[in-house]
Amino acid sequence: WPGGLGIAMVIAMGFFAAFCGSILAAITAVGTIMMPKMLEQGYPKPFVIVLAASAALLEALIPPSNAAILFSALTNVPVSQTFAAGVIPGLILLFFMVIVVLIKCRNIRNPEPASAAERWRSFLGALPGLITPIIILGGIYAGLLTPSESAAVAGVWAMLMGFFIYRELTITSLCLALKETATITAIIFAIIATATFLSVVLTYSQIPQQIVAYFTDMGATFTLFWVALAIICLLLGTFVEIVPVFYLTVPIFAAITLSFNQSLLHLYVVFVAFAGIGMITPPVCVGIYTSASVIQENPAKAFREVPLFVGVGIVYGTMMILIPEASTWLPSLLTR
């Protein structure tokens, strides 16, 4: 296909979402493999950088995702429900990204297609890795494992693959991975500790209740609330990373959503759609900085491609507002 390698990267991001759930990890893991190959085939560097950063937003929607776990922790919505809410919106976003690549890269042709034997060998080589999302999601949705237990089982499976199947994992690299995981976990828990204190302050000061009362007294409609949420998420996401934005705003947004008798799962998908755009909007565009560092390129050179993907993100977010069933239909099946 024209732009086939770009499409492959988007789909690979979607698959990696079912393994991991970390946006920056997806950019690093998938981008390290795919981005140099795309540059070899003549893809423009700015487009490759922004595409990798934008496609990584799939990690926040396709389960299991860190964003879903954070949202559930803040709203007391079951994690399995939040996971299910992100499946269809995640697939829709993946489709949007594929369309962008098909249009933007329509003049870029691939080399000779692989033979059937090469494709079969590649599939067999990838098969052990592709079992990982089946372990994670199958265990959760079948009711056999909790999200924490499925993560532990998948972690053990990943180590077995690394040591005995692919033979690329060593004791040294495993220790390094554990060290980096401990560092990231410590940072996240420091944020959670601070956010917990903030939530107590908000509870005692009744700020969420006052904001809800203000919206109600001024006769604000739910449509106006969505517009305000989109603007706030776009502005905050431009200057603040997505995790702090969650802790700063979700408790208040959740209270207002419930006051309108609307679904918190719908709020989750819309919130992620607009807050995620901040990953690619300067100056604090963490996604672009991470993506540019993979190919050692100046991130400022990629900024000219940002408006295209911001426009796609806004269209996608608006679509999620107008079609709440995209986020609520699948969770409703799980509760029957």
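That block above? That's the structure.
Residues numbered from 1 in each chain as written. Predicted model: local features only at pLDDT ≥ 70, side-chain atom pairs only at ≥ 80, totals over all residues. Heavy atoms only, no water.

### Let's talk about the packing of helix 1 (residues 4–17) against helix 2 (residues 23–40)
Where helix 1 contacts helix 2, the two axes come as close as 10 Å, and the packing angle between them is 160 degrees. In this view, helix 1 runs roughly antiparallel relative to helix 2, as classed from their interaxial angle. Handedness of the crossing formed by helix 1 with helix 2: right-handed. In this structure, helix 1 uses Leu5, Gly6, Ala8, Met9, Ala12, Met13 and Phe16 to contact helix 2, whose residues at the interface are Ala25, Ala26, Ile27, Ala29, Val30, Met34, Met35, Lys37 and Met38. By residue class, the composition of the contact of helix 1 with helix 2 is 14 nonpolar, one polar and one charged. (Axes fitted to C-alpha atoms, helices over the stretch in contact; angles between N-to-C directions. Helix = DSSP H or I, 4+ residues; strand = E, 2+ residues; numbered from the N terminus. Parallel < 35°, antiparallel > 145°, perpendicular 65-115°, else oblique. Left-handed = near helix turned anticlockwise from the far one by under 90°. Contact = heavy atoms within 4.5 Å. Nonpolar A, V, L, I, M, F, W, Y, C, P; charged D, E, K, R; others polar.)

### Considering the nonpolar core
Formed by 91 residues in total, the largest nonpolar core has its most connected members in Val10, Phe246, Leu267 and Ile288. Those residues within four positions of Ile288 in sequence are excluded, and the remaining contacts are Ile49, Val50, Ala53, Met279, Ile280, Pro299, Ala302, Phe303 and Val306. (Core = buried A, V, L, I, M, F, W, Y, C linked by side-chain atoms within 4.5 Å. Buried < 20%, exposed > 50% of the residue type's maximum accessible area, 1.4 Å probe, protein only.)

### Things to note about the pattern of salt bridges
In total, this model carries three salt bridges according to the counting rule given. Note that Glu297 and Lys45 form a salt bridge whose closest N and O atoms lie 2.9 Å from each other. Separated by 252 residues along the polypeptide, Glu297 in the loop between helix 14 (286–294) and helix 15 (306–322) and Lys45 in helix 3 (residues 45–55) bring together distant segments of the chain. Residue Glu297 is classed as buried on the basis of its relative accessible area, which comes to 16%. Salt-bridge contacts for Glu305 lead to Lys104; the nearest nitrogen and oxygen are separated by 3.6 Å. Note that Glu305 is positioned in the loop between helix 14 and helix 15 and Lys104 in helix 6 (residues 87–104), a separation of 201 residues in sequence. Bridged by salt links that share partners, the residues Lys45, Glu297 and Lys301 form one connected network. (Salt bridge = Lys/Arg side-chain N within 4 Å of Asp/Glu carboxyl O.)

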